[in-house]
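Reading the structure
Below are the chains, spelled out letter by letter.
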Amino acid sequence: MDSFSKEALAKLQVSCNKYYVYRLIDPRTFETFYVGKGCDNRVFQHAKEVDELIKKGGTKEKEDELSLKAQQIKDIINAGKEVICLIHRWGLTEDEAFEVEAALIDVYPGLTNIQSGHGSDYGVITAEDFEKLANITEYDEPEEDYIIIKTSQEAVNKAGSLYEATRSSWRANLDKASKYKYVLSVINGMVKEVYTVDETNGWVKQGDRIAFNGTECKVDSLLALKGKLIPAKYRQRGAAYPFMYKKQ
C-alpha cells in the first residue's frame, strides 16, 4: 500500500483537523524506527522516495548520503518486505500533532529521527529537575536579536554534546536565519547555553534543512540568560516547533 483512497483521505480530515501522527515499523523486528507527523499521504512518502531511488539505480554517492531512516527503509525493501505504516493519532491540529509527535519520540528509544522530539517545554523531565524548574525566573529580553533552539537531554546524549544537539538539523529559512548572530540552546524552557554564530561559515545548508557553526558566547548581557527560563511567550502550548526567532 502506498496511498490512501479518497474516502480514507476525507476521513483523515475530520472536522478540518487534517494532521495525524504516524509510526514507521520494521516488519522484520516489529520495532518502531521513525515517528512523524503529516497529512494526506505523508506516511507513505518516506518509503516511496527510497523505492524510487533504488529503481533509478542510485549512485554510490547518493547511497552514502542516505539518512539512517532511509537506509533502514532500503534494507527493508531489499529484504522483499514493506514498511509497516501505523497511524498513531489522527484528527489533530498541527500544534496538537507536534505535541503528540514529541511525546512519542521521547518514549521510543533508538529512532532514526534526525531530531529528537520538538524540544517541548512540557517534555520528559525528572521530578527533581521539575522541582528546580518551578523556582527559576524568566529572563528580561536583551537588546540583541537571537534564535531559540529547543532541544532535549535525550538529544544531547545521542549527539554527544549540547552544541551538536543544538546546531542541526532544522527546517528553517537559511536567508532569514543568517541575519541572526546568536543562538540560545534551551532544554525544558531553561537556557542552557548561548552560542555566537561564526561570521564566515555560520548558517549553512544541510540537505533540506539548515545548521550553524559557532562558539560559546562571550557577551555579558546574553551570558546572563543562562540558567533562566525563556519568557512565557516562547513556552505556550502552541509554540511547539523548536526553532524560534526572537519576538519583538
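In this report, the structure presented in the accompanying data block is examined. Source: prediction; values computed, not measured. (Residues numbered from 1 in each chain as written. Predicted model: local features only at pLDDT ≥ 70, side-chain atom pairs only at ≥ 80, totals over all residues. Heavy atoms only, no water.)

As for the nonpolar core
Convention followed: We define a nonpolar core as any set of buried Ala, Val, Leu, Ile, Met, Phe, Trp, Tyr and Cys residues linked to one another through side-chain atoms lying within 4.5 Å. Three exposure classes are used, based on accessible area relative to the maximum for each residue type with a 1.4 Å probe and protein chains only: buried under 20%, partly exposed in between, and exposed over 50%. By definition, any uninterrupted DSSP run of H or I lasting at least four residues is a helix, any uninterrupted run of E lasting at least two residues is a strand, and each is numbered from the N terminus.
Residues Ile 147, Ile 149, Ala 177, Val 183, Trp 203, Phe 212 and Phe 243 are the most contacted members of the largest nonpolar core, which totals 18 residues. Those elements that provide at least two residues to this core are strand S4 (147-151), helix H7 (153-159), helix H8 (162-167), strand S5 (182-187), strand S6 (190-197), strand S8 (209-212) and strand S10 (243-245). Within the second largest apolar cluster, 15 residues are counted, among which are Leu 9, Leu 12, Tyr 22 and Val 83.

Points about the packing of aromatic side chains
The following threshold applies: Planes of paired rings set the category: under 30 degrees apart is stacked, over 60 is edge-to-face and the rest tilted, where pairs are Phe, Tyr or Trp rings (Trp by its six-membered ring) whose centres lie within 6.5 Å.
Applying the stated criterion across every chain yields a total of twelve aromatic pairs. Seen from their ring centres, Tyr 22 and Tyr 34 are 6.4 Å apart, and the 35° between their planes marks the pair as tilted. Of this pair, Tyr 22 sits in strand S1 (residues 19-26) while Tyr 34 is found in strand S2 (residues 31-38), placing the two residues twelve residues apart along the sequence. Comparing Tyr 22 with Tyr 34 shows no difference in burial state: the two are buried. When the ring of Tyr 180 is compared with that of Tyr 245, the centres are 5.0 Å apart and the planes differ by 45°; the resulting orientation is tilted. Of this pair, Tyr 180 sits in the loop between helix H9 (174-177) and S5 while Tyr 245 sits in strand S10; the two residues are 65 residues apart in sequence, bridging distant segments of the chain. Overall, the relative accessible area of 17% leaves Tyr 245 in the buried class. Each residue in the set Tyr 163, Tyr 180, Tyr 195, Trp 203, Phe 212, Phe 243 and Tyr 245 is aromatic and connected to the rest through ring pairs, giving one cluster.

A closer look at the pattern of salt bridges
Which entries qualify depends on this criterion: Salt bridges, as used here, are contacts in which a Lys or Arg side-chain nitrogen is within 4 Å of a carboxyl oxygen on Asp or Glu.
Per the counting criterion, the structure on display carries six salt bridges. Among the salt bridges present, the one from Arg 28 reaches Asp 26, with a minimum N-O distance of 2.7 Å. Where Asp 145 meets Lys 246, a salt bridge forms, and the shortest distance between an N and an O atom there is 3.9 Å. One end of the pair, Asp 145, is in the loop between helix H6 (127-133) and S4; the other, Lys 246, is in the segment after S10, with 101 residues separating them in the sequence. Owing to a relative accessible area of 10%, Lys 246 belongs among the buried residues under this scheme.

A look at the sheet that holds S4
Test applied: Two strands are counted as paired when DSSP detects at least two bridges linking them. Angular values range over 0 to 180 degrees, each being the angle between N-to-C directions of two axes fitted as lines to C-alpha atoms, with helices fitted over their stretch in contact.
Pairing is mixed across the open sheet formed by five strands, whose spatial order is S9-S6-S5-S4-S10. Of all strands in the sheet, those with a lone pairing partner are strand S9 (214-216) and S10, marking the two edges. Sheet twist, expressed as the mean angle between neighbouring strand axes with direction ignored, is 30°. By the bridge criterion, three bridges tie S6 to S9 in an arrangement that is antiparallel. Each residue of the ladder has a partner; that of Thr 196, found in S9, is Thr 215.

Quick look at helix H2 (residues 42-55)
Threshold: Helix span is expected to be 1.5 Å times the residue number reduced by one. Whether two residues touch is decided by their heavy atoms; if any such pair falls within 4.5 Å, the residues are in contact.
Across its 14 residues, H2 extends 20 Å between first and last C-alpha, which sits within 8% of the 20 Å expected from 1.5 Å per residue. All of the buried residues in H2 are Val 43, Phe 44, His 46 and Val 50. Looking at the buried residues of H2, the elements they touch are S1, S2, helix H4 (68-78) and strand S3 (84-92).

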